[in-house]
Amino acid sequence: MATVKARPFDFTLVPAKTALIVIDMQRDFIEPGGFGATLGNDVSLLRAIIPATARLIAGFRKAGLPVIHTRECHAPDLSDCPPAKRTRGKPSLRIGDPGPMGRILIAGETGADIVEELYPLPSETVIDKPGKGAFYATPLGDILAGKGVSQLVFAGVTTEVCVQTTMREANDRGYECLLATDATESYFPEFKKAAIDMIIAQSAIVGWAATVDEIVEALDD
Ligand code: C5J
């Protein structure tokens, strides 16, 4: 057991029961021309967390603990993309449309894949998810149960959308959730702050928050 200096209070980390979930560090959210950009977002903010996220992943790999990556994407025939998701708003390109990195948010396309700097090892699990939450319509719950995991450390994008949704899904399933605050980002800095505040409020109602250094230090103990 190790103690992570966290908010709102220390997190007792049990390495043998812990996995890292890296949410949606895909080109479609992080690079120009992808899904994030089609919605009018400035994607440059998100690139900045790549080094901290890489340090967190390296810490888990060094400790021999599971690293699980997710990708928000859809089947090429869009059978798993609800029309309400595809037709909402006025993006410059919709899910499935051809863009500079291939079809937007479609499995197997360059844009839907994970950025090179954080690319999964062949031994690591990659979950393709059609929703914002990583438990919805995926085998994630069964995979974690198979590994005996009960604590999850979270990184990735965006804080208030797919990261927060997955943390809430995990919290309701009984996992203890810890968010790495410098390895997550939003297109809207105020939303990142608000999401973290909501997660840790009311004595960690959804989970805890700590920096990458604090988490990696505890893994080294
Ligand atoms: C969004 C995500 N923001 N990965 N997806 O649509 O947070």
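First, a word on scope: everything that follows refers to the structure included in this document. (Residues numbered from 1 in each chain as written. Predicted model: local features only at pLDDT ≥ 70, side-chain atom pairs only at ≥ 80, totals over all residues. Heavy atoms only, no water.)

### A word on the packing of aromatic side chains
- One pass over the full model with this rule turns up five aromatic pairs.
- Pairing Phe9 with Trp208 gives two aromatic rings, centres 5.5 Å apart and planes at 85°, and the pair type is edge-to-face. Residue Phe9 is found in the loop between strand S1 (2–4) and strand S2 (11–13), and its partner Trp208 is found in strand S10 (residues 208–210); the two are separated by 199 residues along the sequence.
- When its relative accessible area of 12% is taken as the criterion, Trp208 is described as buried.
- Put simply, the rings of Phe9, Phe11 and Trp208 touch in pairs and so form one group of aromatic residues. (Phe/Tyr/Trp six-rings, centres within 6.5 Å; stacked < 30°, edge-to-face > 60°. Helix = DSSP H or I, 4+ residues; strand = E, 2+ residues; numbered from the N terminus. Buried < 20%, exposed > 50% of the residue type's maximum accessible area, 1.4 Å probe, protein only.)

### Focus: the packing of helix H4 (residues 50–63) against helix H9 (residues 212–220)
- Following both chains from N to C, one finds H4 and H9 inclined at 10°, their axes separated by 10 Å at the closest point. The pairing of H4 with H9 is recorded here as roughly parallel in orientation. For the pair H4 and H9, the contacting residues are Ala52, Arg55, Leu56, Gly59, Phe60 and Lys62 in the first and Val212, Asp213, Ile215, Val216, Leu219 and Asp220 in the second.
- Of the residues belonging to the contact of H4 with H9, the class tally is seven nonpolar, one polar and four charged. (Axes fitted to C-alpha atoms, helices over the stretch in contact; angles between N-to-C directions. Parallel < 35°, antiparallel > 145°, perpendicular 65-115°, else oblique. Contact = heavy atoms within 4.5 Å. Nonpolar A, V, L, I, M, F, W, Y, C, P; charged D, E, K, R; others polar.)

### Considerations on the site of the ligand
- The environment of the ligand is made up of Asp24, Phe29, Phe35, Glu72, Lys132, Val157, Thr158, Val161 and Cys162.
- Within the side chain of Asp24, a nitrogen or oxygen atom sits 2.7 Å from a nitrogen atom of the ligand.
- Separating a nitrogen atom of the ligand from a backbone N or O atom of Val157 is a distance of 3.1 Å.
- Burial of the ligand by the surrounding chains reaches 91%, relative to a free accessible area of 230 Å².
- With respect to the detected pockets, the ligand is housed in the largest pocket.
- Of the residues that constitute the shell around the ligand, the class distribution is five nonpolar, one polar and three charged. (Near = heavy atom within 4 Å. Polar contact = N/O pair within 3.5 Å; in protein donor to acceptor, adjacent residues only side chain to side chain. Areas by Shrake-Rupley, 256 points an atom, 1.4 Å probe, with all protein chains shown as cover. 1 Å grid on protein atoms, 1.4 Å probe; cavity = no way out; pocket = protein on both sides within 12 Å on 5 of 7 lines; lining within 4 Å. Sits in = over half its atoms within 2 Å of the grid points.)

### Focus on the nonpolar core
- Counting residues in hydrophobic clusters, the biggest one holds 45 residues, and the most contacted among them are Val4, Leu56, Phe60, Leu178 and Ile215.
- For Val4, the contacting residues outside a window of four places in its chain are Asp10, Phe11, Leu13, Leu178, Ala210, Glu214, Ile215 and Ala218.
- By size, the runner-up hydrophobic cluster in this structure holds 24 residues, among which are Ile68, Ile127, Ala134 and Tyr175. (Core = buried A, V, L, I, M, F, W, Y, C linked by side-chain atoms within 4.5 Å.)

### A look at the environment of Ala183
- Mapped onto the elements of the fold, Ala183 is located in strand S9 (residues 176–185).
- Taking the relative accessible area as the measure of exposure, Ala183 reaches 0% and is therefore buried.
- C-alpha separation for the pair Ala183 and Ala48, spaced 135 residues apart in sequence, amounts to 8.9 Å.
- The contacts of Ala183, once residues within four sequence positions are left out, are Ile49, Ala52, Thr53, Leu56, Ala155, Gly156 and Val212.

### Details of the sheet that holds S10
- Judged by pairing direction, the sheet is parallel, and its six strands sit side by side in the order S7-S4-S3-S8-S9-S10 without closing on themselves. Each of the sheet's edge strands pairs with one partner strand only, and the pair in question is strand S7 (125–129) and S10. Neighbour-to-neighbour, the strand axes of this sheet turn through a mean angle of 25°, independent of strand direction.
- The pairing of strand S4 (residues 67–72) with S7 spans five bridges and is parallel. Within the sheet, the bridge partner assigned to Arg71 lies in S7 and is Asp128.
- Each of strand S3 (18–23), S4, S7 and strand S8 (151–157) is contacted by helix H6 (residues 140–147), which is oriented at about 155° to S7, the strand it contacts most.
- Its contacts with the sheet place helix H8 (residues 189–204) against S9 and S10, and it is angled at close to 155° to S9. (Pairing = 2+ DSSP bridges.)

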